[in-house]
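Architecture and fold: a report
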Amino acid sequence: MARRYAVIGAGVIGACLALRLAEAGAEVTLLDQDQPGQAATRWSFAWLNSNDKGPRAYHELNRAGLRAWATLAGQLDGAAWYRPAGNIEWAATVAGHRELAARVDRLASWDYPARMISAAEAAGLEPALRLPPDLPGAAWFPAEGYLLTGPLVSQLVEAAASRGVTVLAGPPGEVTGFAFGGGAVQAVRTAAGQQIPADVVVCCAGRWTPELARLAGGTAPVPLVPWQAPGAEAPGLVVRAGPAGPDGPARMLHAPGINLRPHTGGQVHLEALDAAVDLHTPDAGLRRWAAELLGRARRVTRGLDQAAVTGHQVCVRPMPADGQSIAGWLPGPRGVYLAVTHSGVTLAAHLSGLITTELVTGTAPDELRPYRPSRFLT
Ligand SMILES: Cc1cc2nc3c(=O)[nH]c(=O)nc-3n(C[C@H](O)[C@H](O)[C@H](O)COP(=O)(O)OP(=O)(O)OC[C@H]3O[C@@H](n4cnc5c(N)ncnc54)[C@H](O)[C@@H]3O)c2cc1C
């Protein structure tokens, strides 16, 4: 077992991994260029699900993610961040309803908790709903839910620090280079001019992972869905609004044109797939979309009539180009491991356990085999 680990990135993936490694007895430094959890993790919809994820192995990986959070919630004050509230989805058209029912059938045939319910049952499960009178029904996913990533990351980092992890944030935690000896990594260099010795460096740097892989001399590309250029697909708009009244929503909701869930401080978190924004969209455009999303949310749920937009943010999904996770050794230098994925909130608790097993025992769990960075060599 390597002794000293440097984990770059204290988002949900890096924070979970630092804790798991420390629990396994490793000496760990967790580095972030910012305060922990301020990038994708902070703004994530954080929907815990394996709802429409394929192929089957990836579905099962995500499903194991749900189980791992349930276990961790019992060990790490889940009351502060774990919300297995279930998810209701409905469609606007007959064709959309048929597609939803077909997805529910497929998921149920994989033993995933999913069933079609009547509009009356949906209204009973979520009294806040304003459903169309002629709605033929909705889908109910009782095992899904969401995480409050702010309190979660605080708890993870605190628990990691209490197990001896050194946490470096800001310039002391910003990795600007790697030091190698004999073809193997020996240390990371930071913006504060320090060298942090490490036998293994794990890059959990979200959308910045390709940059770090290049800096480390990796010989395989780490292709992510583009996020920097105008029109890039990886950025998404997140809107927060409040206060939600006591009659507001209590579950995850996927309604036509709007996805929402409760958030901290009496707010709701809103997203819409058709909100066409990127990192270059002027603020006036973002504000227009934010108002549009709140209007859509009011049309499908009670409790938001007094709510105003409290914040909006364009944030970037770290999405590997083939839609699957990347977890494994970076081809090239010895000792550099990558962990970058979409659905990282769903996956982090389980994925970090698998990676810890690989790093600590030297044996790769079979579950990780489809996700190796080396698949991009060809
Ligand atoms: C709008 C949106 C909605 C989403 N919805 C869902 C969802 O419903 N369900 C789900 O499971 N997932 C969802 N995701 C995806 C999920 O949020 C991400 O997969 C997950 O947060 C990634 O976590 P991470 O730790 O890999 O990355 P991040 O949270 O981005 O963390 C990476 C960290 O690395 C640090 N870093 C980068 N470079 C350096 C460096 N050189 N030195 C030191 N530190 C560095 C950054 O500061 C950052 O803190 C969503 C994402 C977005 C943006």
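Details of the structure are given in the entry above.
This section reports on the structure supplied with the text. Remember, predicted model here, so these are calculated numbers, not experimental data. Each chain carries its own residue numbering, running from 1 in the written order of its sequence. Side-chain atom pairs in this predicted model are given and counted only at pLDDT of 80 or more, local residue features only at pLDDT of at least 70, and totals for whole chains, interfaces and linings cover all residues. Working from all heavy atoms in the structure, the side-chain values ignore hydrogens and water.

1. Describing the pairing of strand S16 (residues 258-262)
Buried residues dominate S16, accounting for 5 of its 5 residues. Only protein chains enter the area calculation, which uses a 1.4 Å probe; residues under 20% of their type maximum are buried, those over 50% are exposed, and those in between are partly exposed. Under the scheme used here, helices are H or I runs from DSSP no shorter than 4 residues and strands are E runs no shorter than 2 residues, and both carry numbers assigned from the N terminus. Covered by surrounding structure in S16 are Ile-258, Leu-260 and Pro-262 together with Asn-259 and Arg-261, the residues of both alternating faces. The criterion for strand pairing is that DSSP finds at least two bridges linking the strands in question. Strand direction decides the pairing type here: strand S15 (residues 252-255) and S16, joined by 3 bridges, are antiparallel. Bridging from a neighbouring strand, Ala-255 pairs with Ile-258 of S16. Two successive antiparallel strands, S15 and S16, enclose a turn made up of 2 residues, where Gly-257 displays a positive phi of approximately 80°.

2. Let's talk about the site of the ligand
Nearness of a residue to a molecule or strand requires only that one of the residue's heavy atoms be within 4 Å of it. Taken together, 35 residues sit near the ligand, with Asp-32, Thr-41, Thr-341, Gly-344 and Thr-346 positioned nearest. Within the contact set of the ligand, an oxygen atom lies 3.4 Å away from a backbone nitrogen or oxygen of Val-345. Here a polar contact is taken to be a pair of N or O atoms separated by no more than 3.5 Å, where protein atoms must pair a possible hydrogen donor with a possible acceptor and residues adjacent in sequence count only if both atoms sit in side chains. Between an oxygen atom of the ligand and a main-chain N or O atom of Thr-346, the distance comes to 2.8 Å. Using a 1.4 Å probe, accessible areas were evaluated by the Shrake-Rupley method; residue-level cover was limited to the displayed protein chains. Protein contacts shield 96% of the accessible area of the ligand, which totals 1000 Å² for the unbound molecule.

3. Digging into the sheet that holds strand S18 (residues 308-316)
Spatially, S6-S7-S5-S15-S16-S17-S14-S18 is the arrangement adopted by the 8 strands of the open sheet, whose pairing is mixed. At either margin of the open sheet sits one strand with a lone partner, and together these are strand S6 (115-117) and S18. Adjacent strand axes in the sheet meet at a mean angle of 25° when their direction is disregarded. With 3 bridges joining them, strand S5 (residues 87-89) and strand S7 (residues 138-141) adopt antiparallel strand pairing. The residue bridging Glu-89 from the neighbouring strand is Ala-139, located in S7. The strands touched by helix H8 (residues 283-300) are strand S14 (235-242), S15, S16, strand S17 (268-271) and S18; relative to S18, the strand with the most contacts, the crossing angle is about 120°. All axes here are fitted lines through C-alpha atoms, helices being fitted over the stretch that makes contact, and every angle between N-to-C directions spans 0 to 180 degrees. Contacts are assigned to residue pairs that have any heavy atoms within 4.5 Å of one another.

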